[in-house]
Amino acid sequence: MDGEASSNRHGILERMLLDESAEPTDLPLSLLEDITNCFHSDLQIGSGGFAVVYKVALLSSASFLKLPLKV
């Protein structure tokens, strides 16, 4: 994924996460792989019966977001 396309996808994801009225949507696997460093175990912060939780850095913020993924 080239840098500009990656940046655009991250921006779309970030806007969705910050917009409380945004509807759930499917995200491309390539985006999920990009933001989780291919589901790297170093970014895994928890797991349970329904999901594995990864932390991901948002582009415009130094903070982290918990992203639950069922894989």
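Analysis parameters
- Residues numbered from 1 in each chain as written.
- Predicted model: local features only at pLDDT ≥ 70, side-chain atom pairs only at ≥ 80, totals over all residues.
- Heavy atoms only, no water.
- Helix = DSSP H or I, 4+ residues; strand = E, 2+ residues; numbered from the N terminus.
- Buried < 20%, exposed > 50% of the residue type's maximum accessible area, 1.4 Å probe, protein only.
- Contact = heavy atoms within 4.5 Å.
- Core = buried A, V, L, I, M, F, W, Y, C linked by side-chain atoms within 4.5 Å.
- pLDDT = per-residue confidence, 0-100.

### Considerations on the overall build of the protein
Logical step 1: A tally of helices and strands in the protein yields 2 helices and 3 strands.
Logical step 2: Order of helices (α) and strands (β) in the protein, N terminus to C terminus: α-α-β-β-β.
Logical step 3: Split into buried and exposed, the 71 residues of the protein put 24% on the buried side.
Logical step 4: Considering only intrachain contacts with a sequence separation of at least 6, the fraction spanning at least 24 residues in the protein is 26%.

### Thoughts on unusual backbone geometry
Logical step 1: Backbone geometry at Asn 37 places phi at a positive 50°, although glycine is not the residue there.
Logical step 2: Mapped onto the fold, Asn 37 is located in the loop between helix H2 (29-35) and strand S1 (44-47).
Logical step 3: By relative accessible area, which is 46% here, Asn 37 ends up partly exposed.
Logical step 4: At Cys 38, a residue that is not glycine, the phi angle is positive and equals roughly 60°.
Logical step 5: Secondary-structure assignment places Cys 38 in the loop between H2 and S1.
Logical step 6: Since its relative accessible area comes to 57%, Cys 38 is described here as exposed.

### Re the nonpolar core
Logical step 1: Counting residues in each nonpolar core, the largest one holds 5 residues, listed as Leu 13, Leu 31, Leu 32, Ile 35 and Val 56.
Logical step 2: Looking at this core, the element that brings in the most residues is H2, giving 3 residues.

### Re the confidence of the model for the protein
Logical step 1: Taken over all residues, the pLDDT of the protein has a mean of 76, while the share at 70 or more is 72%.
Logical step 2: Mean pLDDT values over the elements of the protein span from 60, in strand S3 (residues 64-69), up to 87, in S1.

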